[in-house]
Structures are given as structure tokens and as C-alpha cells.
Amino acid sequence: MNPTTTTAAIAEAIEELTETFAEANITTEDDGAGGAWVTISDVPLGPVYEQESSWIAFQITFPYPEADVYPLFVRPDLRRKDGGAHSEGFQAVQWGPRAEAGTQLSRRSNRLDPAIDTAATKVLKVLKWMSEQ
């Protein structure tokens, strides 16, 4: 990623993600509009899903931290162990700069506090939500 095309706040968010997910491989790509696409590999999914882990991807847009990190995407083949359907908020989509297949997780933060709701805390909240579905 070219640091001159993203804001300091986005660079700080990526650094926090790197620290929070220290065991994962994190890749970034400029979005061409002052933000970045971020992919975190090998995040654990918990006991609900057949797959033990997934990548999770999202866009941090130019107005961050005032803008929510939304939506997030995970592997397209996500399946529940109980064979049931996903709850509301899961949708098969094409996402990102290369229109890759994925599962969209629609978890918008309605009351955004930039001091608390960072990109890293958003990812952690969504992973917790997924484990409770």
C-alpha cells in the first residue's frame, strides 16, 4: 500500500489491526479514493461453522474514523455445523476491487464513536457476533 494515498487515521487503523491480529497475515490495497481494502487471513470462526477459520475483508473508507467499517466479508463457502441456514445479515456477494466471491456480513454500527469503534474493534465485534449465530 502506498502510504501517501491514505490518511494517517487509516494507517493507524492498519497498525492496530496488525497488533490485534498478530498471528494473521494482513494485506492491504489502496481503494483509489483515499482508503484501503484490508484482508486478514486465518481468523478463527469458533464452534458454529464447519470451517475452523476464514479470511475477513473490508474497506476502510477515506472519512475513517468518522465512517463505519462496513460491510465485512468472509469466505464464500461458509457453512454451519448444524446444517442450518445463516441468520439475517449473511448474504452471498461479489466484493472488493476484483469482484471476488464472498459472504457479506451486514453489521452496521448505528452509533459510531471514533474513540471506541476502531477498525480492529469492529472486526472483533463481528467475529463475536458470528460465533453467537
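Residues numbered from 1 in each chain as written. Predicted model: local features only at pLDDT ≥ 70, side-chain atom pairs only at ≥ 80, totals over all residues. Heavy atoms only, no water.

Asks: Before we move on, can you summarise the pairing of strand β6 (residues 100-105) with the specific residues and values?
Replies: Sheet topology note: the strand β4 (residues 72-74)/β6 ladder contains 3 bridges and is antiparallel. Each bridged residue has a counterpart across the sheet, and for L72 the counterpart in β6 is L105. Between strand β5 (residues 90-95) and β6, which follow one another and run antiparallel, lie 4 residues, and G96 among them has a positive phi close to 75 degrees. (Pairing = 2+ DSSP bridges. Helix = DSSP H or I, 4+ residues; strand = E, 2+ residues; numbered from the N terminus.)

Asks: Got a sec to walk through the packing of aromatic side chains? Specific residues and values, please.
Replies: What the rule picks out here adds up to 4 aromatic pairs. Their ring planes at 15 degrees and their centres at 5.3 Å tell us that F73 and W95 sit as a pair that is stacked. In this pair, F73 sits in strand β4 while W95 sits in strand β5, placing the two residues 22 residues apart along the sequence. W95 shares its class with F73; the two are buried. Between F90 and W129, the aromatic rings sit 5.0 Å apart at their centres with planes inclined by 20 degrees, giving stacked as the arrangement. On the criterion of sequence distance, the pair formed by F90 in strand β5 and W129 in helix α2 (residues 119-131) is long-range, its members being 39 residues apart. Classification of F90 by relative accessible area gives buried; the value is 13%. Residue class for W129 comes out buried when judged on its relative accessible area of 13%. The rings of W37, W55, F73 and W95 are connected pair by pair, giving a single aromatic cluster. (Phe/Tyr/Trp six-rings, centres within 6.5 Å; stacked < 30°, edge-to-face > 60°. Buried < 20%, exposed > 50% of the residue type's maximum accessible area, 1.4 Å probe, protein only.)

Asks: Could you give an account of the pairing of strand β3 (residues 53-60), naming the residues involved and the relevant values?
Replies: Where strand β2 (residues 36-44) lies against β3, 7 bridges are found, and the strand directions are antiparallel. Bridged to W37 within β3 is Q59.

Asks: Go over the side chain of D117 with me, naming the residues and quoting the values.
Replies: Mapped onto the secondary structure, D117 falls in the loop between β6 and α2. Taking relative accessible area as the criterion, D117 reaches 12% and is therefore assigned buried. In this structure the side chain of D117 is engaged in a polar contact, spanning 2.7 Å, whose partner is the side chain of K125. (Polar contact = N/O pair within 3.5 Å; in protein donor to acceptor, adjacent residues only side chain to side chain.)

Asks: Pulling in residues and values, what's your account of unusual backbone geometry?
Replies: For the peptide bond that leads from Y64 to P65, omega is 20 degrees, which places it in the cis range. Position of P65 among the secondary structure elements: in the loop between β3 and β4. The omega angle of the peptide bond from Y70 to P71 is -15 degrees, so this bond is cis rather than trans. On the secondary structure map, P71 appears in the loop between β3 and β4. Phi angles above zero are rare outside glycine, and D42 is one such case at about 55 degrees. Along the chain, the position of D42 falls in strand β2. At A99, a residue that is not glycine, the phi angle is positive and equals roughly 50 degrees. Take A99: it is sitting in the loop between β5 and β6.

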